[in-house]
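# An overview of the molecular structure
Residue strings, one per chain:
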Amino acid sequence: MIFTPFQKGIISGSVSCIVCSPFDVLRTRYQISGKSLPVIDTYSALFRKEGISLIRTGIKSNIYCIPVWWGLYHQTNTFLKSKNVWIGWDAFIAGNISSLVTNPLFVLRTRMLSGLYGEHISQNVINMIKTDRLKIFTKGYLSTVAHNCQLSIIMPLFDWGKENLSNQESKYYTYQIMIISAVSKFIGGSLFYPTEVIRSRIRQSSGKMSFKDVICSESFKPFSGYKVHTIRSIPATVSALTVYELLK
């Protein structure tokens, strides 16, 4: 069966978000609170307090937005590459188009992961529309554009690594792709991590919040949650890009 880039993105994104959803809860809570407590102790405390709904919320908040984002990204990026858009710019533009379309879904995701909303999606959508109205389409989007700058580093590194450091005929090809994607994500994601903290705080707020408001906040720490972010984001990116490549 031949899959379109959109279909491959949906499949690979679904695998990614299911594998890594437990870490999303911790990462979001750390980013908003500014605290970075021991991972296992924190998750155990949250699980005792919220029970199995903690796991369901992590999966539900991811499954309806991350696969869509990856699907739109790969479809748009494939089109831009066919038009010979500058290397790096194709990934950056594709990421921002995908993020703009899915922005309301990610605002909802952040609020569910932060504990502000429960796990019932339909009721959460109603609450979000009541409180933010049309702002949900742009809330945190500028910080997302800044955050998507990482794509202009991650994807060119990944493409370069595929061409120069991997061999499709090798029985180790899958592992080669996993290592290349992991290194690419670590470099790009680390450089632009503070923008993710800023974005989470803006999306979580029900009122008006700017870059300056977040940065000047006493509780703001640019690398809060970085450890759990690394534990989560690298496997997420590795699974998404590796599954996408294997579907080719």
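Residues numbered from 1 in each chain as written. Predicted model: local features only at pLDDT ≥ 70, side-chain atom pairs only at ≥ 80, totals over all residues. Heavy atoms only, no water.

A word on the nonpolar core. Membership of the largest hydrophobic core comes to 26 residues, with the highest contact counts inside it found for Trp70, Tyr73 and Met155. Counting residues per element, the ones that place at least two in this core are helix H4 (66–82), helix H5 (89–114), helix H8 (151–165), helix H9 (173–191) and helix H12 (226–246). Counting residues per element, this core draws most heavily on H5, at six residues. In contact with Met155, not counting residues within four places along its chain, are Tyr73, Ala91 and Leu241. Of all hydrophobic cores here, the second largest spans seven residues; its members include Leu26, Tyr30, Leu46 and Leu113. (Core = buried A, V, L, I, M, F, W, Y, C linked by side-chain atoms within 4.5 Å. Buried < 20%, exposed > 50% of the residue type's maximum accessible area, 1.4 Å probe, protein only. Helix = DSSP H or I, 4+ residues; strand = E, 2+ residues; numbered from the N terminus. Contact = heavy atoms within 4.5 Å.)

By volume, the largest pocket is sized at about 240 Å³. Along the walls of the largest pocket sit 13 residues, with Thr138, Lys139, Gly140, Ile202 and Met209 positioned nearest its centre. The dominant element in the lining of the largest pocket, judged by the number of residues it contributes, is helix H7 (residues 141–147), at three residues. Looking at the lining of the largest pocket residue by residue, the classes come out as five nonpolar, five polar and three charged. (1 Å grid on protein atoms, 1.4 Å probe; cavity = no way out; pocket = protein on both sides within 12 Å on 5 of 7 lines; lining within 4 Å. Points joined across faces, edges and corners; volume = space filled by probe spheres on them. Nonpolar A, V, L, I, M, F, W, Y, C, P; charged D, E, K, R; others polar.)

Before going further, it helps to examine the packing of aromatic side chains. Scanning the entire structure with this criterion turns up seven aromatic pairs. Centre to centre, the rings of Tyr193 and Tyr226 are 5.4 Å apart; their planes meet at 75 degrees, and the pair counts as edge-to-face. Taken as a pair, Tyr193 in helix H10 (residues 193–204) and Tyr226 in helix H12 lie far apart in primary sequence, 33 residues in all. A relative accessible area of 0% places Tyr193 in the buried class. (Phe/Tyr/Trp six-rings, centres within 6.5 Å; stacked < 30°, edge-to-face > 60°.)

Following the criterion strictly, the structure yields three cavities of 30 Å³ or more and no others. Space inside the largest cavity adds up to approximately 460 Å³. Lining the largest cavity are 24 residues, with Trp69, Trp70, His147, Lys185 and Arg232 positioned closest to its centre. For the lining of the largest cavity, the element with the highest residue contribution is H12, accounting for five residues. In terms of residue class, the lining of the largest cavity is made up of eight nonpolar, nine polar and seven charged.

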